[in-house]
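# Structure assessment
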Amino acid sequence: MTSQILYKVGIIGPESTGKSTLAQYLAKRYKGLYVPEYAREFVEQKGTTEVTWDELCGIARHQIEEMRSLSKAVVFFDTELIVTKVWFDYAFGRVPEWLEEAIKEYPMDVYLLTYPDTPWVPDPARSNGSDEIRMELFKRYEQEIQATGVPYYIIKHDLKI
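Please read these numbers as outputs of a predicted model, since none were measured by experiment. (Residues numbered from 1 in each chain as written. Predicted model: local features only at pLDDT ≥ 70, side-chain atom pairs only at ≥ 80, totals over all residues. Heavy atoms only, no water.)

As a rule of thumb, soluble globular proteins bury nonpolar side chains together. Grouped together as the largest cluster of nonpolar side chains are 34 residues, with contacts concentrated most on Ile12, Phe77, Leu81, Ile82, Phe88, Tyr111 and Tyr141. The set of elements that each furnish at least two residues to this core consists of α2 (38–46), α3 (53–69), β3 (74–78), α4 (81–92), α5 (97–105), β4 (110–114) and α6 (131–148). Broken down by element, the residue count for this core peaks at 7 residues, all from α3. Beyond its immediate sequence surroundings of up to four residues, Phe88 is in contact with Trp53, Leu56, Cys57, Ala60, Gly93, Arg94, Val95, Pro96 and Leu99. (Core = buried A, V, L, I, M, F, W, Y, C linked by side-chain atoms within 4.5 Å. Buried < 20%, exposed > 50% of the residue type's maximum accessible area, 1.4 Å probe, protein only. Helix = DSSP H or I, 4+ residues; strand = E, 2+ residues; numbered from the N terminus. Contact = heavy atoms within 4.5 Å.)

Inspection of every chain in the model, using the stated rule, returns 4 aromatic pairs. For the ring pair Trp53 and Phe88, a centre distance of 4.7 Å and an interplane angle of 70° mean the geometry is edge-to-face. One end of the pair, Trp53, is in helix α3; the other, Phe88, is in helix α4, and 35 residues separate them in sequence. Look at Phe88 and you get buried, because its relative accessible area is 0%. Taken together, the ring pairs connect Trp53, Phe88 and Phe92 into an aromatic cluster. If you follow Arg94 out to its NZ or CZ, it ends over the ring of Trp53, 3.8 Å from the centre. Above the face of the Tyr115 ring, Lys156 is positioned so that its terminal group lies 4.5 Å from the ring centre. (Phe/Tyr/Trp six-rings, centres within 6.5 Å; stacked < 30°, edge-to-face > 60°. Lys NZ or Arg CZ within 6 Å of the ring centre and 35° of its normal.)

A word on the packing of α3 against α5. The interhelical angle for the contact between α3 and α5, taken along N-to-C directions, is 20°, at an axis separation of 11 Å. In terms of orientation, α3 lies roughly parallel with respect to α5. You can see that α3 and α5 cross each other, and the crossing is left-handed. Across from Cys57, Ala60, Arg61 and Ile64 in α3, the residues of α5 making contact are Trp98, Leu99 and Ala102. Of the residues that constitute the contact of α3 with α5, the class distribution is 6 nonpolar, no polar and 1 charged. (Axes fitted to C-alpha atoms, helices over the stretch in contact; angles between N-to-C directions. Parallel < 35°, antiparallel > 145°, perpendicular 65-115°, else oblique. Left-handed = near helix turned anticlockwise from the far one by under 90°. Nonpolar A, V, L, I, M, F, W, Y, C, P; charged D, E, K, R; others polar.)

Another point: α3. Helix length check: α3 (17 residues) gives 25 Å between terminal C-alpha atoms against 24 Å at 1.5 Å per residue, within 8%. Trp53, Leu56, Cys57, Ile59, Ala60, Gln63, Ile64, Glu66 and Met67 are the residues of α3 that are buried. Close packing links the buried residues of α3 with β2 (33–35), α2, β3, α4 and α5. (Expected span 1.5 Å × (residues − 1).)

Structure, rendered in structure tokens:
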């Protein structure tokens, strides 16, 4: 079954860069649908950020099922399959072929890539707080987005108050 989504916005970036806040705001502002980050829900329920290969496969499959089932005009994804792909590669050094295919089958229309220029705020669902890791992940996400050919915008934060 093919989804009936008119426009898909993938909001991705390193931990603690405002993805959830941005996705929620945009969904409200444009009367779209906000799809929360399922991996966060999963690790919060599990009580640890350590996940197995099989658990990460389950997270990815859940994301794919969400994309298949949605039928709202504009959908804002708080993270999506590229984040999961990078997570597979970062944690296990490999990515399932079916995930690569799903990224092609369910492309975003645009990406908003959040830059790691905000302070990292620890919480039980986060584990990559060093500036070096956050920048490494940002670069990986950007490379993956570029490989899709989908347009993207880097979101930097103005910390002046």
